[in-house]
Amino acid sequence: MSKIIEKEFFSENVAKIVLDAPEIALSRKPGHFVIIKIDKKGERIPLTIASSNPDKGTVTLVVQKVGVTSAKLLALEVGDEIEDVVGPLGMATHIEKVGTVLCAGGGVGVAPLLPIVEGFKKAGNRVITVLAARNKDLVILEEQMREFSDEVIVMTDDGSSGKKGLVTAGMEEVIQREKVDLSVVIGPAIMMKFAALTTKKYNIKTYASLNTIMVDGTGMCGACRVTVGGKTKFVCVDGPEFDAHQVDFEQMMSRLGAYKDQEVAAYQKYLETEEIAG
Amino acid sequence: MENILEYLKAERSQEWRTEIRKSIKAKERMGKTRTNMPEEDPMVRNRSNVEVNSGLTAEQAVLEAQRCIDCPNPTCMTGCPVGINIPKFIKKIETEDFLGAAAVLKDTNGLPAVCGRVCPQEKQCEAQCFYTIKMGKPAVAIGFLERFAADYERDSGKMAVPETAEFNNIKLAVIGSGPAGLAAAGDLAKFGYDVTVFEALHEIGGVLKYGIPEFRLPNEVVDVEIESLRKMGVKFITNFIVGKTASFDDLKKQGFQAFFVGSGAGLPRFMNIPGENYNGIFSSNEYLTRVNLMNAANPEYDTPVISGDLVAVIGGGNTAMDSVRTAKRLGASRSMIIYRRSEEEMPARVEEVIHAKEEGIEFMNLHNPLEYYADENGRVNKMKIQKMELGEPDASGRRRPIAIEGSEFIIDVDTVVVSVGVSPNPLIPASLPDLKVTDWGTIVVDKETMQSSIPDLFAGGDIVRGGATVILAMGDGRKAAAGMHKYIMEKIKAN
Ligand SMILES: Cc1cc2nc3c(=O)[nH]c(=O)nc-3n(C[C@H](O)[C@H](O)[C@H](O)COP(=O)(O)OP(=O)(O)OC[C@H]3O[C@@H](n4cnc5c(N)ncnc54)[C@H](O)[C@@H]3O)c2cc1C
Ligand code: SF4
Ligand code: FES
């Protein structure tokens, strides 16, 4: 059981949720995630830990409404309890001083990027962050990113905030201007795919943090498997970060859609029951 | 060894035993036929989750118990990995002292209701029964009787909570709540320790919960055993991964003085053939976890599962049988086993193979998958398989399958479950660099005490043996508990 201590909406569909989870708060490092299951009938879903406070014993998650479980989660209030929270899971990000690090986050990938940006900055790197979203309302955590970045470039599809264009345009701008030693990209699979292609052109070592379907998160089921460099890897234990130039993003996208029909039907049903209840 | 034989002899010559033995002539006992287990209709049960075997009635159990001739040298016991006093519990059943029979079982086996259901009796106790080895007749149905006595005790509402020694306030940790961990926890509690079981998942029970389906082992049977451990003072903490949520050092700081690791062999193996990552292809662990642990087939639960129509399950073990029969229950029109050896080499319990056939499972033995193909959405729709023949025996003693060149052909499938074995869970070894492990990743332990290369860490079950059995895991847990008790006592003495 984990109690919700705090909840704040960043936009209509994205909120920060602070959970009481003292052990996880103590052990967690940037890059780690948790698996949560809201109630008895819930499913297990992975969520990256955006930040933690070991003194208060809390971990912060940023959740975007994409389906039944995330919608249920965002519908919970401060004081409500989540039945199961387990973690920290996955391998922590390997943070060291390399020089200049280009971090790129798209959509809800911005949340898991935050601790990495913070980590690299604290390790003494020059950190440039590119945040991408469809429009101004969907740009999140910009302020927090500024705190730990030497520069933040905002890219929106419609130009309503920052510059108009895709994340890759913002990345190219930086790469053409100065030497980049390492890049970290987190976001929707399609965004990571193109971000990886961009850095590959310039031979910049790049990590992508993958958000596959998971069940247990302990290496027990293989639901999270992806192909990296021609080999099958389990994202929950071998990742979630991998060499972005080696990841088979096409396969990953296809696997993410494995339950699309069921998910859409379940979400529809959820919305209908919500309407009746509300 | 001498001692055990003496002890058995003394037990056997007790008055009640002699009396019941003499009440029916041996010849008459041997003339009786083995009782059949009452079962649900195959074509009804393969559409539901009801337990396949419904259990012997009291009359049936007594009749079956009468078949046992109470041998002076009970060879059956040599086949039981935990050395249950088999003739004694069977004779208790014959005298209709069913609770007494259950007590005999519990002297050596903490989970008789589980073992009676899932032990490979035909390879263990029943394989060594006098009837099998000397008369070529069907063995006494030891497994059915074990289950009967254990179920009787549970249903009677008189389940005795085992006595525990005076609470000694010494904290011990058990990691993993499968049969190995549960058995260790039970014995440690009996010795008086303050035992905490840490489990990574949200449910207690390990494979008994997430792997073995309801139709073979109802959750309720496992829950009753866990409840009994709770009554003995054992604490359970779920959602706690030792090595991740907290380290061994953290736990030591919290006062834990020794550890039992029963973390199982949870990692699914794949075959690494082309197309294996297409949608609709799962490990048996994923498939069974979705259905058993997450209740995915119940529309009220949020977890989805693909209920395929043409389902191929690769493998011939218990896990493969459980998966293929689950697929049938989820509505598959074709649910088939693809196994590279012949039925004789199948590691699954014989009863499960028989039940699977009754339920309409197809068996493509001596076939091996080579490649998978998918539709435009990346969902598997065909697979290429190859015929095999058996060659000379390999290291495992089973005849080695050899591919027949040019025998490849393609079949339609929409769901594939890969069930070709598991590897040890690397979480614990990875978090303890000093821990000695084998090349396969199993923890190296002393065979008697189950102590690892780290003195305060003991281990047992699948993490030591690779994929093995429930009864071996339990036996390990009990041995380790004794080993830990000795270790702690010596440590206290030394101080
Ligand atoms: C589908 C299936 C059917 C089977 N059928 C049979 C059968 O009919 N008969 C038979 O005898 N055997 C059968 N087996 C094998 C049998 O279940 C296993 O040999 C047995 O369960 C092993 O017990 P264990 O306690 O070692 O491990 P497990 O039962 O695997 O339990 C290990 C537990 O430890 C937890 N864990 C792992 N790491 C950590 C950690 N770091 N911190 C906290 N917890 C952790 C895991 O989540 C798991 O719950 C079957 C197995 C499967 C998968
Ligand atoms: S525990 Fe298993 S091997 Fe031992 S008597 Fe029971 S069924 Fe037979
Ligand atoms: S989520 Fe099950 S193995 Fe990764």
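Above this text sits the structure in question.
What you see is a predicted model; the values in this text were computed from it and never measured.

S.K.: If you had to explain the site of ligand 2 to someone new, which residues and values would you point to?
M.R.: Taken together, the residues surrounding ligand 2 are Cys 80, Pro 81, Ile 84, Ile 86, Asn 109, Cys 119, Gln 121, Gln 124, Cys 125, Ile 142, Glu 146 and Ile 471 of chain B. Broken down by class, the residue content of the shell around ligand 2 amounts to eight nonpolar, three polar and one charged.

S.K.: Describe the interface of chain A and chain B, with residues and values.
M.R.: Taken together, the contacts link 40 residues of chain A with 38 residues of chain B. Between chain A and chain B, a total of about 3,300 Å² is buried, with carbon and sulfur atoms accounting for 50% of that surface. Of all residues in chain A, Lys 41, Met 220 and Tyr 259 of chain A bury the most surface against chain B, accounting for 21% of the area lost on that side. Put simply, chain A and chain B have two salt bridges between them.

S.K.: Requested: an account of the pairing of strand E1 (residues 2–11) of chain A, with residues and values cited.
M.R.: Residues and elements named next belong to chain A. For E1 and strand E6 (residues 81–82), the ladder comprises two bridges, and the chain directions are antiparallel. The residue of E6 that forms the bridge with Ser 2 is Ile 82. In terms of strand pairing, E1 meets strand E2 (residues 14–20) through six bridges, oriented antiparallel. In the strand pairing of E2, Ile 4 is matched with Leu 19. A loop of two residues connects E1 with E2, the two strands running antiparallel in sequence.

S.K.: Tell me about the side chain of Ser 27 of chain A, and name the residues and values.
M.R.: Examined against the element boundaries, Ser 27 of chain A turns out to sit in helix H1 (residues 22–27). Given the relative accessible area of 17%, Ser 27 of chain A is considered buried.

S.K.: Provide a residue-level description of the sheet that holds strand E16 (residues 241–243) of chain A, including the pertinent values.
M.R.: Residues and elements named next belong to chain A. Across the sheet, seven strands lie side by side as E11-E10-E9-E8-E12-E13-E16; this open sheet has mixed pairing. Edge positions in the sheet fall to strand E11 (163–164) and E16, since each of these pairs with one other strand and no more. Both strand E8 (residues 100–106) and strand E9 (residues 126–133) contribute to a ladder of seven bridges, which runs parallel. When the sheet's bridge partners are listed, Ala 104 is paired in E9 with Val 130. Against the sheet, helix H6 (residues 189–201) contacts E8, strand E12 (182–186) and strand E13 (206–209), and its axis sits at roughly 165° relative to E12.

Criteria and cut-off values
Residues numbered from 1 in each chain as written. Chains lettered and ligands numbered in written order. Predicted model: local features only at pLDDT ≥ 70, side-chain atom pairs only at ≥ 80, totals over all residues. Heavy atoms only, no water. Near = heavy atom within 4 Å. Nonpolar A, V, L, I, M, F, W, Y, C, P; charged D, E, K, R; others polar. Contact = heavy atoms within 4.5 Å. Buried area = accessible area lost by both parts, 1.4 Å probe. Salt bridge = Lys/Arg side-chain N within 4 Å of Asp/Glu carboxyl O. Pairing = 2+ DSSP bridges. Helix = DSSP H or I, 4+ residues; strand = E, 2+ residues; numbered from the N terminus. Buried < 20%, exposed > 50% of the residue type's maximum accessible area, 1.4 Å probe, protein only. Axes fitted to C-alpha atoms, helices over the stretch in contact; angles between N-to-C directions.

Worth remembering: the numbers are spatial, not functional.
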